[in-house]
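Next come the chains, spelled out residue by residue.
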Amino acid sequence: MNTVINPISKIAKPIGWLSLAGTIVPPFLFMMHWMDSNPMQNIMLVSCVSWFAAAPFWMKAE
Amino acid sequence: MSEETDQSGSEYEREPVPERALKGPAAFWGMYAGEHSAGTEFMIGPLFVAWGASASSLIFGLLLGNLLAVLTWRFLTAEIATKQRLTLYFKLEKIAGRNLVAIYNLANGILFCFLAGSMITVSATAVGPFFPSMVMPTFESTLPTGPGWIAACVIIGLTMTIVAMKGYGFVAKMGHYSAPWMILVFVACAMVTLGKLDNYNVWELLSPPPGTPEKISFLGIVCFSWFCNAAMHMGMADLSVLRFAKSPNAGYASAAGMFLGHYVAWICAALLLVYWVRVHGVDPKVGKDPGTMVNDAVGYVGLICVMVAGWTTANPTLYRAGLAIQGIVPSMSRNMGTLIAGTVCIGAGIFPAFVMNFLVFLGIFGTILAPIGAIIIVDHFFADRLGIATDPALKSGTSFNMVVLFAWLIPVGVAMYAYLKHEVFTSYLPLPTTIACGILYVILSKWFGLKVA
């Protein structure tokens, strides 16, 4: 049986990985004193939104 | 897994799961990671700090306790689940009879309500930063802190109840999706805390100041982490989940929940309170609410995490409580059962006393529910060898097996006496209570066991 992969599912995976990176890398940079609190919190918030947008397509496809 | 259904829409509740419905290990790793990354993890870590746990107890005690929990899941729960392929309720009905299962359901339902209530309390702390005038509860709070707090708990609790009444498929999916992100937010909170403290020595940070009374020892931490989910592994509640596993090795998937949710997340949450103690001078015995701490560390993302973590775990709990209540009164609709459960949960959530005594509550939860697992363990592994009947209620046609009732309630009664009268730490109680229940079940079955055909 042929499985049709939705193009949204295809781009959801890299967006998902980027979102996870956006959740953990800025706090690491903050910990090392290479980033301030405000940009860290903003990047984490954007990453949160993109994670919940991408995860249903990515994890459903998986 | 509970979403797995046959074509008639049932969840194989009264029959063994068929071969075609079995699932590989991957399904269980995600489920366990999500289920054990709850809002209450934000409370447990700081409570260890408040109880003066040492760094070695936290780092090595949690490691050992969680390992023992995983092994219990693998070699008891998953072993029985993959052989029997029945829900706990159906297996118990065969041993104890339908009417005794109703009593178990009552205990289960009430305890699940308090558990979900605790999640409501934690989620409500995420509202605090938006309303600075709202007084947040501390570890010493037992009563509601004011009208604003009550309103926050009622609104959150009602929303959770309505969603649970609609069926928890959506929330279960949300929990699944949010699990990897939530774990990273926990780690992010810890990283930010280390950065703010400008100290990367986690061992030193977790060490309580000299002279701090140690209310919880190494053994206490081991037993707490081993038995905080005793009802699920030793108590066999997870038969309902693991009966879908192809192999008992799926029990190892619980490691995802234990080592991410109950190790990494607890230590990260503990570091949050360490920061507030060291920098803001907060008394560790009084503590600080999770909402304020995570908002300070990572901003809105932390508040979303507290809310999502509480919500995604409270909803299935609420759903199970509704099912348990419905099990007591089968003529009642599931929605009505969930509504009653939701009302009790909101009542429990308004009072911070439950969540602030979470280390004690989880021990009581395990002490009451885990011994039932001993009866299933005896029935599965030892009954034939010891010459007692397997599935005695089914074979004798009784709906109430008194042997099970006494074997369950006598050790639980003794354990509760030990807790109430002698203040024994409740996490020490599930193991001896369960062993006593198993031995008593064998003895009583030999003496007064049901006559089977």
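Fair warning: this is a prediction, and the values are worked out from it, not measured in the lab.

(A) The overall build of chain A, seen in detail. Check the secondary structure of chain A and you find 2 helices and 0 strands. Of all 62 residues assigned to chain A, the portion counted as buried reaches 27%. Considering only residue pairs separated by 6 or more positions, chain A has 66% of its internal contacts joining residues 24 or more positions apart.

(B) Spotlight on the overall build of chain B. A count of helices and strands for chain B gives 20 helices and 0 strands. Its C-alpha atoms give chain B a radius of gyration of 22 Å, near enough to 22 Å, the size a compact globule of 453 residues would have. For chain B, the C-alpha atoms occupy an extent of roughly 70 × 45 × 40 Å along the three principal directions. Across the 453 residues in chain B, those meeting the buried criterion constitute 59%.

(C) Region of interest: the nonpolar core. All names here are of chain B. By size, the foremost hydrophobic cluster in this structure holds 176 residues, and its most contacted members are Cys189 and Ala270. If one sorts the elements of this core by residue count, helix α11 (residues 254-280) sits on top with 18 residues. Setting aside its immediate chain neighbours within four residues, cysteine 189 contacts Cys268, Leu272, Val294, Ala297, Val298 and Gly302.

(D) Structural view of the confidence of the model for chain B. Residues with a pLDDT of 70 or more make up 96% of chain B, whose mean pLDDT is 89. pLDDT under 50 marks residues 1-9 of chain B. Its contacts with residues more than four places away, or in other chains, come to 15 contacts.

(E) Spatial organisation of the packing of helix α17 (residues 371-386) of chain B against helix α20 (residues 430-448) of chain B. Residues and elements named next belong to chain B. It is the contact of α17 with α20, at a shortest axis distance of 9 Å, that shows an interaxial angle of 40 degrees. The angle between the axes of α17 and α20 places the two elements in the oblique class. Classified by chirality, the crossing of α20 by α17 is right-handed. On α20, the residues touching Pro371, Gly373, Ala374, Ile375, Ile377, Val378 and Leu386 of α17 are Thr433, Thr434, Ile435, Cys437, Gly438, Tyr441 and Val442.

(F) Up close: the interface of chain A and chain B. Across the contact, 17 residues belong to chain A and 17 residues belong to chain B. Put simply, the parts of the chain that give the side of chain A that touches chain B at least two residues each are α1 (7-31) and α2 (37-61) of chain A. When residues in the side of chain A that touches chain B are grouped by element, the largest group, 9 residues, is from α2(A). Here the residues of the side of chain A that touches chain B sort into 14 nonpolar, 3 polar and no charged.

(G) Highlighting helix α13 (residues 300-328) of chain B. In a regular helix each residue adds 1.5 Å, so 29 residues correspond to 42 Å; α13(B) covers 42 Å between its end C-alpha atoms and thus fits that length. Across the 29 residues of α13(B), 24 count as buried, placing the element largely inside the fold.

(H) Representation of unusual backbone geometry within the structure. In this structure, His33(A) is a non-glycine residue whose phi angle is positive, near 65 degrees. For His33(A), the position within the fold is in the loop between α1 and α2.

(I) Quick look at the environment of Asp36(A). Summarising the element assignment, Asp36(A) is placed in the loop between α1 and α2. It is 9.0 Å that separates the C-alpha atoms of Asp36(A) and Pro26(A), two residues lying 10 residues apart in sequence.

(J) Geometry of the environment of Ser396(B). Inspection of the secondary structure assignment puts Ser396(B) in helix α18 (residues 392-396). Taking the C-alpha atoms as reference, Ser396(B) lies 43 Å from Asn357(B); in sequence the two are 39 residues apart.

(K) Fine view of the environment of Leu62(B). Residues and elements named next belong to chain B. Inspection of the secondary structure assignment puts leucine 62 in helix α3 (residues 55-84). Taking the number of C-beta atoms within 10 Å as the measure of exposure, leucine 62 has 26 and is therefore buried. Considering only alpha carbons, one finds leucine 62 and glycine 220, 158 residues apart in sequence, at a separation of 9.8 Å. Discounting residues that sit within four places of it in the chain, leucine 62 has contacts with Ile221, Ser225, His262, Tyr263 and Trp266.

(L) Representation of the packing of helix α5 (residues 98-124) of chain B against helix α16 (residues 358-369) of chain B in the model. Residues and elements named next belong to chain B. Interhelical geometry of α5 versus α16 gives an angle of 160 degrees and a closest axis separation of 11 Å. It follows that α5 is roughly antiparallel to α16 by the angle criterion. As for how α5 packs across α16, the hand of that crossing is left-handed. For the pair α5 and α16, contact is made by Ala107, Asn108, Leu111, Phe114, Leu115 and Ser118 and by Phe358, Phe361, Phe365, Ile368 and Leu369, respectively. Taken together, the residues of the contact of α5 with α16 sort by class into 9 nonpolar, 2 polar and no charged.

The rules we used
Residues numbered from 1 in each chain as written. Chains lettered and ligands numbered in written order. Predicted model: local features only at pLDDT ≥ 70, side-chain atom pairs only at ≥ 80, totals over all residues. Helix = DSSP H or I, 4+ residues; strand = E, 2+ residues; numbered from the N terminus. Buried ≥ 20, exposed ≤ 12 C-beta atoms within 10 Å, placed from the backbone. Contact = placed C-beta atoms within 7 Å. Rg over C-alpha atoms; globule rule 2.2 N^0.38 Å. Core = buried A, V, L, I, M, F, W, Y, C linked by C-beta atoms within 7 Å. pLDDT = per-residue confidence, 0-100. Axes fitted to C-alpha atoms, helices over the stretch in contact; angles between N-to-C directions. Parallel < 35°, antiparallel > 145°, perpendicular 65-115°, else oblique. Left-handed = near helix turned anticlockwise from the far one by under 90°. Nonpolar A, V, L, I, M, F, W, Y, C, P; charged D, E, K, R; others polar. Expected span 1.5 Å × (residues − 1).

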